[in-house]
Amino acid sequence: MDSRALGGFTLLLFTLWHLGLTATNYNCDDALVSPLPSAALTSSSELFSTHSPSFAKLNRRDGAGGWSPLESNEQQWLQVDLGDRVEIVAVATQGRYGSSDWVSAYALTFSDTGRNWRQYRQDDAVWVFTGNSNADSVVHHKLLHSMKARFLRFIPLKWNAGGRIGLRVEVFGCSYKSDIADFDGRSSLLYRFNQKLMSTFKDVVSLKFKSMQGDGVLFHGEGQRGDYITLELQKGKLSLHLNLGDSNLHFSNTHTSVTLGSLLDDQHWHSVLIERFNKQVNFTVDKHTQHFRTKGDSDHLDIDYELSFGGIPVPGKPGTFQRKNFHGCIENLYYNGVNIIDLAKRRKPQIYTVGNVTFSCSEPQIVPITFVSTSRSYLLLPGTAQIDGLSVSFQFRTWNKDGLLLFTELSENSGHLLVYLRGGRLMLLIQKETENPVEISEGTNLHDGLWHSVNINARRHRITLTLDNDAATASHATTVSRMYSGNTYYFGGCPDNFTDSQCLNPITGFQGCMRLIFIDNQPKDLILVQQGSLGNFSDLHIDLCGIKDRCLPNYCEHGGKCSQSWSTFYCDCNNTGYMGATCHNYGVPFAWWVGRANEKHLYWGGSLPGIQQCACGLEESCLDMRYFCNCDADREEWTNDTGLLAFKDHLPVTQIVITDTNRSNSEAAWKIGPLRCYGDRQFWNAASFNTEASYLHFPTLHAEVSADISFFFKTTAVSGVFLENLGIKDFIRIEISSPKEITFSIDVGNGPTEATVQSPTALNDNQWHYIRAERNLKQTSLQVDKLPKKVLEAPAEGHFRLQLNSQLFVGGAASRRKGFLGCIRSLHLNGQKLDLEERAKMTPGVKPGCPGHCSSYGNLCHNGGKCVEKYNGYFCDCTNSAYEGPFCKEEVSALFEAGTSVTYTFQEPYPVTKNASTSSSAIYVDAVMSKENIAFSFLTAHTPSLLLYINTYFHEYLAVILSKNGSLQVRYKLSKDGLLIFTIDSGNFANRELHHVKINREGRELVIQVDQVLKLKHNFSEIDFKAIKSLTLGKVTDSLSLDPEVSKANAYGFTGCLSSVQYNHISPLKAALRHPSIAPVTVRGSLTESSCASMMEADVNTATTIYSSSDPFGKTDEREPLTNAVRSDSAVIGGVIAVVIFIIFCIIAIMSRFLYQHKQAHRNSQKKEKEYPENLESSFKADIDLQNTVSECKREYFI
């Protein structure tokens, strides 16, 4: 038979075997305790013989009706010996019959041997079962993960406060059959093929193993072409090595190695599954799976002759790994559906046994202990006093850098001996009052979670410290006086009472595990310690090592590096672009862009404000799923992120900053597309909740290990739930609990946790407020507006997965809590926007959108713009503003040439005569201006210049000029006070820079500001500046009434750029540019719309388009970065030709513009006249500025 066909056939058999096994265990629910003899139930203690564990079977009423220990504390346990290894799927408990004694919470431990117990965990946490609330009802729990064990212990954690621990139990399950092989570190099983070569494109290997050794090969196979597959333990982790079709073992980079699992040398069963199809591999250890792709040339694995299990019997073959053999037990070993151990047991010819392989698991009777607390845990063991010398040895494992391992007071006044960890190094210290201290140190990074052995031997004046049985590196020291062994030895810490113990601890207590403790060359039986017949202890778990790898899986997000102590883990977020306890929050990025308010923004095209992602991050389509932008993947080829920036409040883009460009062969590039008009529905997506019973519902929130929620709200209600999602026991909720208080509540199974932020001012003020709530495995936090963030640390132990199953309620609650009254907008869950408006359209009691935006956001309309309410937002009416744009912030400016003038004519009042009627006098009074609010910006290099001129029907005027020396003059000619001149001579204002001028007169008080700096204040004795006739920008054509200084300035008029000219509610320049045909404005000479700010920027050469790391000064790089264009000399020649052609076209364009300018301006004027109805023309005759009577065409932007 073809070997490849055989591989496929055996894989099918393996699948069918699994199906059969599942069917066999379908009815695995037999009662396992009730048929057992009474002796199968034992306990830590019993109150009386009538309360013994033999009466602890479910529903039994004999004796005292159940088991009760001598003392009710957490050190008690009830143990069941099930006779053989069985599969346990459920447990049930009762209290003691007819009493007030019952257990309300308990934990389970299990074991194959009655030693080295293992805690039952669920969701990677020690699971606490809910017990009874009375003596006789039965509480049944089905296990999420079945247990295979012979011994089971019930550990009471809580009990009835008015009684004692009382317990009756039942265990449900079925028999468990398995094939086991025991390897002694020198033995192995060889599975030999029927032919010389086995070539497979599919492989499935499954097994379970247990071992106390951290290193050893579980199986290995290799071929002459260089193919191999190896599974081995390395420092308590499993490594899978694969190579497909590579004959060059030493010089290629096609070998694949993947490491998974941790702490696998704990003498507990661990499951392994390897599935390969061509180059795709799934590698599973216990519950953790890693998917990867091999690097070999071929899709086939070619193995010669045999596969070896338990080790490599013949080292030295080409490609063979020089590794230790496996020492431990392997169970249910299947290779492509073949039961290897069953073949070996039946002595089939396919299996060749090397060394001593037995088919039952030999269990070393080693008792580990766990030091739970750094402040309360210790173990006291006796020694033999006054022996000449000292001999102590033990093994330990921990994640903590510091901790006391051993303290003893030596006999004959020979001092104190301390052994402790400091910074991950092993320290030995001998202190004696009359001598200098003696100190020895060994090792580094001993807080790596691995078992380390310590041997201390002293004889007379010499002491030796040996680490990990490495005699070659042992450290030695000598003391002045001889050393004698102590009477008592304290391990892990000291008791609180120093007077009795004389125990010294210069550092914190030890948190971790110990085993194999020898004193004076004698092993110490720790079970006797547990029974109270040897030594003493506090806060220990005896016969159990409770170490846990908190970095498996790695809960540090976005590539953060995980490290840990005994009780928690830490995330190093360097070089991830993120920050926070689990690298969940956006940190200081390598690139950002700056928007209109000069604020830094971290989101990119296709993403949303406040989310540091690109479009592929939201769509979960990035090239590397560890990142939220393609450009973060740091690939060798060009990648790109493209999309629209749609939130208009942040636009336009004024700068793009790219850092991290000092790496060789690293390049970055950007492009900005044209500006278009789009909405901002993402940010303004809102819903109004009109009744306390109204709500929106969405699918269940999936946030098992992390969640972030953000939204805006406004309300006048005193309290109400913003959102809520429930599970069977778990829940998450955000609410306004009082007018000044926001509460974020969450329960993951350990009881509710509440983060509350209190505001000094009321939050129900009908103004928009911002909330951001976050929960991860380390912290729960709540941020409200810019108030201090409330952060709560998560407990080190207990449940941590948030398990929800109901719908998500927004604006209301599934529980009986008061709903929310008001508006919610821009709701984001884990970066995803919820469409409130669409859901509100089909939900009674909820309306899409939210009224009253101007009350909260009217301040975004600048420069005199008026906020106008919209259905789901607002817009700015810039009619009475000299500016335009969505927020009345875009300048309206124009270039003036010599002789250009813009004259705005006010309504002429009736002549004032002695016979004037009352009505005519009233009109005249209305024309009197009681104040001037003048603002404008200018840029010029010419002096003298006349910037602005206002005259009245009484031959008074106000003029703003630039003098010959570049100083600014404001000149009032009044009928009573004559000529008043106010000069600002703080510099030359004709310096090609943009200057901003504000002239404000209110009654008699005059204030002048230049470039936002107060330059002058003046109080008139009397002023009657009235009956305004006209306002002129640039050259005044009627110059008969000008004084000589103004006439000199007027001779040149103004040459330069004027911007955003405002006179009270009149915007003359804007009227001339936008409504020249219907506004009472006259333009003479050349007036060309332009941007003063852009002219100034262009003058200092600040514009760049593409930034590359190879060109750090921001020079233009015309290369197309997203294609692999070939760079050659021809490209340079082509570039030169392109530059020459470009210059020629520029010359032609300039000449065409000069000849065409006046004609084009005339056409534009005619076109704008057609856009406005004729009846608007009469509006300007009432002194009302209607240059923006119709809605402006607002410009918004995208990239």
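Here's a quick rundown of the structure. For clarity, every value in this text was computed on a predicted model and none was experimentally measured.

## With respect to the overall build of the chain
Here's step 1: Within the chain, the regular secondary structure consists of 13 helices and 77 strands.
Here's step 2: Looking at the chain as a whole, 51% of its 1199 residues are labelled buried.

## Quick look at the pairing of strand 67 (residues 945-952)
Here's step 1: Burial analysis of strand 67 places eight of its eight residues in the buried class, which makes it a mostly covered element.
Here's step 2: Both strand 67 and strand 68 (residues 957-962) contribute to a ladder of six bridges, which runs antiparallel. Counterpart to Tyr949 in the pairing with strand 68 is Ala959.
Here's step 3: Where strand 67 folds back onto strand 68 in an antiparallel hairpin, the turn is made up of four residues, including His955, whose phi is positive at roughly 65 degrees.
Here's step 4: Sheet analysis places strand 67 next to strand 74 (residues 1028-1034), joined by five bridges and oriented antiparallel.

## A closer look at the state of the cysteines
Here's step 1: One pass over the full model with this rule turns up 13 disulfides.
Here's step 2: With a sulfur-sulfur separation of 2.0 Å, Cys556 is cross-linked through a disulfide to Cys571. In this structure, the disulfide formed by Cys556 and Cys571 twists by about -85 degrees around the S-S bond and is classed as left-handed. With Cys556 in the loop between strand 40 (540-542) and strand 41 (561-564) and Cys571 in strand 42 (residues 569-572), this pair connects stretches of sequence that are 15 residues apart.
Here's step 3: The class for Cys571 is buried, based on a relative accessible area of 16%.
Here's step 4: Note on cysteine connectivity: Cys1057 is disulfide-linked to Cys1092, with sulfurs 1.9 Å apart. Between Cys1057 and Cys1092, the S-S torsion sits near -90 degrees, and that sign places the bridge as left-handed. Of this pair, Cys1057 sits in strand 75 (residues 1056-1063) while Cys1092 sits in helix 12 (residues 1092-1099), and the two are 35 residues apart along the sequence. We note that Cys1057, like Cys1092, is buried.
Here's step 5: Left unpaired, Cys631 is separated from the closest cysteine sulfur, that of Cys614, by 6.6 Å.
Here's step 6: Relative accessible area serves as the criterion here: at 47%, Cys631 is assigned to the partly exposed category.

## Looking at the pattern of salt bridges
Here's step 1: Within this structure, the stated rule accounts for 36 salt bridges.
Here's step 2: Close ionic contact of Arg150 with Asp81 constitutes a salt bridge, the shortest N to O distance being 2.8 Å. Residue Arg150 is found in strand 9 (residues 139-159), and its partner Asp81 is found in strand 3 (residues 78-94); the two are separated by 69 residues along the sequence.
Here's step 3: On the basis of relative accessibility, which here comes to 29%, the residue Arg150 falls in the partly exposed class.

## Digging into the packing of aromatic side chains
Here's step 1: In total, this model carries 33 aromatic pairs according to the counting rule given.
Here's step 2: The interplanar angle of 85 degrees and the centroid separation of 5.8 Å between the aromatic rings of Phe394 and Phe491 together place this pair among those described as edge-to-face. You can see Phe394 sitting in strand 28 (residues 390-397) and its partner Phe491 sitting in strand 36 (residues 486-491), a full 97 residues away along the chain. In this pair, the class of Phe394 matches that of Phe491, namely buried.
Here's step 3: Considering the side-chain rings of Tyr555 and Phe569, the 6.5 Å spacing of their centres and the 45 degrees angle between planes classify their relative orientation as tilted. Taken together, the residues span a long stretch of sequence, with Tyr555 in the loop between strand 40 and strand 41 and Phe569 in strand 42 at a distance of 14 residues.
Here's step 4: An aromatic cluster is built from Phe689, Phe711, Phe713, Phe722 and Phe820, whose rings are joined through pairwise contacts.
Here's step 5: When the ring centre of Trp592 is taken as reference, the NZ or CZ atom of Lys600 above it lies at 4.0 Å.

Conventions we followed
- Residues numbered from 1 in each chain as written.
- Predicted model: local features only at pLDDT ≥ 70, side-chain atom pairs only at ≥ 80, totals over all residues.
- Heavy atoms only, no water.
- Helix = DSSP H or I, 4+ residues; strand = E, 2+ residues; numbered from the N terminus.
- Buried < 20%, exposed > 50% of the residue type's maximum accessible area, 1.4 Å probe, protein only.
- Pairing = 2+ DSSP bridges.
- Disulfide = S-S within 2.5 Å.
- Salt bridge = Lys/Arg side-chain N within 4 Å of Asp/Glu carboxyl O.
- Phe/Tyr/Trp six-rings, centres within 6.5 Å; stacked < 30°, edge-to-face > 60°.
- Lys NZ or Arg CZ within 6 Å of the ring centre and 35° of its normal.

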